[in-house]
Amino acid sequence: MSEEAGGAPLSPEIVAGVMPREMLHEDEVVLILTKPSLWFVVITSFRFVLTVMLVGVLAVKLVGASSLGISPHAIATVTALVALGRLIWGLLVWSSHTYMLTNLRVVTIKGVVNTSMYQANLRKLQRTVLWRPWYFRVFGVGTVGFATAATTGFDSTWVMLGRPLAIHEAIVAAVNKAQ
């Protein structure tokens, strides 16, 4: 996925390869087109995979002491398949997220089964927030939240972006230019 955090427009060929041409208005220029960092898959899957592995180890210990007829190899295989399934699901979720900043609006598309799209005119954005807790900074990712006057929280978020500072600066610059 291409991105230009400096605010320079992306080539129409790159945009056409990712987004349908009908998504853009005739005078609209794409400034950023990106996805979450691939760390998204690891970070969102970590707790589940760790829990499955711990349960698998516990099951091997318990089955080894009993005579249920289940081999430790079978338990290890099931544990590995469940963990792999979660990582594949995380990859599907990652691939379903697309974030686009144009000279007129911000667009968020996400969802594997139920796809949702959020879009807001840059003139209507009241604030953008960059969120980078310590564990995001370790992986070099951050989340940007968007809020309009209609909400008290955030209308949309761009989660676990690579190069979050540069992307947030480009978003702020585009909002300031639009207003």
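Coordinates for the structure precede this section.
Note that this is a predicted model, so its numbers are computed, not measured. (Residues numbered from 1 in each chain as written. Predicted model: local features only at pLDDT ≥ 70, side-chain atom pairs only at ≥ 80, totals over all residues. Heavy atoms only, no water.)

**A few points about the nonpolar core**
Applicable threshold: By convention a nonpolar core is built from buried Ala, Val, Leu, Ile, Met, Phe, Trp, Tyr and Cys residues, the set being connected through side-chain atoms within 4.5 Å. For the exposure calls, accessible area comes from a 1.4 Å probe over protein chains only, and a residue counts as buried if that area is under 20% of its type's maximum, exposed if over 50%, partly exposed in between. For the purposes of this entry, the term helix denotes a DSSP run of H or I that reaches at least four residues, the term strand denotes a run of E that reaches at least two, and both are numbered from the N terminus. Residue contacts are defined here by distance: any two heavy atoms, one from each residue, within 4.5 Å place the two residues in contact.
Grouped together as the largest cluster of nonpolar side chains are 27 residues, with contacts concentrated most on Leu101, Val106, Leu122, Leu125, Phe146, Trp158 and Ile171. Going through the elements one at a time, β1 (30-34), α2 (39-65), α3 (72-96), β2 (98-102), β4 (116-121), β6 (141-148), β7 (156-162) and α5 (164-178) are the ones with two or more residues in this core. It is α5 that contributes the most residues to this core, six residues altogether. Residues in contact with Leu125, not counting those within four places in the same chain, are Val106, Tyr118, Ala120, Phe146, Ala147, Thr148, Val175 and Gln179.

**Focus on the environment of Val82**
Take Val82: it is sitting in helix α3. On the basis of relative accessible area, Val82 is assigned to the partly exposed category, the value being 38%. Along the backbone, Val82 and Phe48 are 34 residues apart, and their C-alpha atoms lie at a distance of 9.6 Å. For Val82, the contacting residues outside a window of four places in its chain are Phe48 and Val52.

**With respect to the sheet that holds strand β5 (residues 125-131)**
Rules: Whether two strands pair comes down to DSSP finding at least two bridges between them. Angles run from 0 to 180 degrees between N-to-C directions of axes, and those axes are lines fitted to C-alpha atoms, restricted for helices to the stretch in contact.
Strand order in the open sheet formed by three strands is β5-β6-β7, and the pairing between neighbours is antiparallel. Each having just a single partner strand, β5 and β7 make up the two edges of the open sheet. In this sheet, adjacent strand axes meet at a mean angle of 20 degrees when their direction is disregarded. By the bridge criterion, five bridges tie β6 to β7 in an arrangement that is antiparallel. Bridge assignment links Val141 to a residue of β7, and that residue is Gly162. In this fold α5 packs onto β5, β6 and β7, with an angle of close to 170 degrees to the strand it touches most, β5.

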